[in-house]
Amino acid sequence: MERERDEYLWFAAQVLRWIGVDLTEYKRPQMERRLTSLRQRWNCDNWADFFALIRRDPRVYQEFLDKMTINVSEFYRNPGRWEVVGRRLAPRYLKLSRPVRCWSAACSTGEEPYTLAMVLMESGLSPNRFEILATDIDESAMERAKQGIYRTASLEHAPSGTSAKYFEQLGEDRWAIRPIVKQSVRFRRHNLLADPYDHGFDLIVCRNVMIYFTEEAKMRIYPKFRDALAPGGVLFVGSTEPIFQPERFGFRVFDTFFYEKISPSPGR
Ligand SMILES: C[S@@+](CC[C@H](N)C(=O)[O-])C[C@H]1O[C@@H](n2cnc3c(N)ncnc32)[C@H](O)[C@@H]1O
């Protein structure tokens, strides 16, 4: 058992050296369980054999990435929370004389940044008044995001009328997101655990990824989000990821699952 554990750490070190992703920053029991099931499915008795296999077989490598990243997403995930963006944040943005800068971090297959674009448009902002940077560690997920073709199930929580307005139906179970939604979203690969963060965002949406990270990793990431926000900027997190004592990281509660950057008052 102990030897098995050591081997997992050895495997994690090889993966880090090879693709720059540190598996030890993800909660170990869940990650180890997911990867063990994949390893066993490919009949590898140990982590060394499995590492050799993912290095030589692109199919297994892709499955490994899929297991590691979990790309599940949907449009308007937790719809009540998206109403906060329309009701409380968009009125602020309408007053800005410059484009609103947003970041959808860990955007997976694009449902989240496209939802944000639709919410802002529904609130009266034309697409040239906002820009959305959408990032993820998984480039194949973002390729799908750029294609923008979705199944009906992913639209289940979209408000009525949204599908017809912002999607073109291609077939019974295929919907293409319209160019008007795509035009303000730019995709880029970014590893939240290792890459530098951009700055000056009015809104950062980072949902359903922090849940996979260790406490230590989260403690490092929250201050980076705060620094990435413009004064008064807001961080929107997932509905299982509340930040306890947000003041520790320079945030105050703005709404449930929304945290506003605390900025020093002018003159101080
Ligand atoms: C469950 S999806 C969340 C998608 C979307 N944010 C939502 O809430 O519907 C988690 C995403 O986090 C991404 N991810 C995992 N580790 C990451 C990292 N270190 N940096 C950036 N993205 C990461 C995965 O590739 C996956 O697309």
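Description of the structure in this document. (Residues numbered from 1 in each chain as written. Predicted model: local features only at pLDDT ≥ 70, side-chain atom pairs only at ≥ 80, totals over all residues. Heavy atoms only, no water.)

Comments concerning the packing of helix α3 (residues 47–56) against helix α4 (residues 58–69)
Stated precisely, the cut-off is as follows: An axis is simply a line fitted to the C-alpha atoms; with a helix, the fit covers only the stretch in contact. Between two such axes, the angle follows the N-to-C directions and lies from 0 to 180 degrees. Each helix corresponds to a stretch of at least 4 residues labelled H or I by DSSP, and each strand to a stretch of at least 2 residues labelled E; elements are numbered beginning at the N terminus. Small angles under 35 degrees read as roughly parallel and large ones over 145 as roughly antiparallel, with 65 to 115 read as roughly perpendicular and the rest as oblique. Here a residue-residue contact requires only that any non-hydrogen atoms of the pair lie within 4.5 Å. The residue classification treats Ala, Val, Leu, Ile, Met, Phe, Trp, Tyr, Cys and Pro as nonpolar and Asp, Glu, Lys and Arg as charged. All others, Gly included, are polar.
Where α3 contacts α4, the two axes come as close as 5 Å, and the packing angle between them is 110°. By the criterion of interaxial angle, the relationship of α3 to α4 is roughly perpendicular. Contacts from Phe50, Leu53, Ile54 and Arg56 in α3 reach Pro58, Val60, Tyr61 and Phe64 in α4. Taken together, the residues of the contact of α3 with α4 sort by class into seven nonpolar, no polar and one charged.

Quick word on α4
Put simply, the test is: Helix span, as expected, comes to 1.5 Å for every residue beyond the first. Buried means the residue's accessible area, taken with a 1.4 Å probe over protein chains only, is under 20% of the maximum for its type, while exposed means over 50%, and partly exposed covers the values in between. In this description, the arc belongs to the directions extending from the helix axis to the C-beta atoms.
Between its first and last C-alpha atoms α4 spans 16 Å; for twelve residues at 1.5 Å apiece the expected length is 16 Å, and the two agree. Residues of α4 that are buried include every one of Val60, Phe64, Leu65, Met68 and Thr69, and no others. Projected down its long axis, α4 shows its buried positions confined to an angular sector of 160°, all on one face. Trailing α4 by a residue or two, isoleucine 70 shows a phi angle of about 50°, which is positive.

Examining the side chain of serine 154
To be explicit about the condition: N or O atoms closer than or at 3.5 Å make up a polar contact, with two conditions inside protein: a donor-capable atom paired with an acceptor-capable one, and, for residues adjacent in sequence, both atoms drawn from side chains.
Tracing the backbone through its elements, the reader meets serine 154 in the loop between β3 (149–150) and α8 (162–166). Under the relative-accessibility criterion, serine 154 is labelled buried at 11%. A polar atom in the side chain of serine 154 sits 2.9 Å from the backbone oxygen of arginine 151.

Details of the pairing of strand β2 (residues 130–136)
How we decide: Note on pairing: DSSP must find at least two bridges between two strands before they are called paired. The handedness of a crossover follows from its direction of travel: if, with the strands pointing away from the viewer, the path from the first strand over the helix to the second runs clockwise, the crossover is right-handed.
Here β2 lies mainly inside the structure; six of its seven residues are buried. As paired strands, strand β1 (residues 100–105) and β2 are joined by six bridges and run parallel to one another. Residue pairing across strands places cysteine 102 opposite isoleucine 132, the latter belonging to β2. With helix α6 (residues 111–122) bridging β1 and its parallel neighbour β2, the resulting β-α-β unit is right-handed.

As for the site of the ligand
Our working definition: Consider each residue's heavy atoms; a residue with any of them within 4 Å of a molecule or strand counts as near. All accessible-area figures derive from a Shrake-Rupley calculation using a 1.4 Å probe, and residue coverage is judged against the displayed protein chains alone.
Among the 21 residues in the neighbourhood of the ligand, the closest are listed as Tyr26, Ser73, Arg77, Asp136 and Asn208. Within the contact set of the ligand, an oxygen atom lies 2.7 Å away from a side-chain nitrogen or oxygen of arginine 77. Contacts to the ligand include glutamate 112, whose side-chain N or O atom sits 2.8 Å from a nitrogen atom. Burial of the ligand by the protein chains amounts to 99% of its free accessible area of 590 Å². Its residues assigned to classes, the shell around the ligand comprises nine nonpolar, seven polar and five charged.

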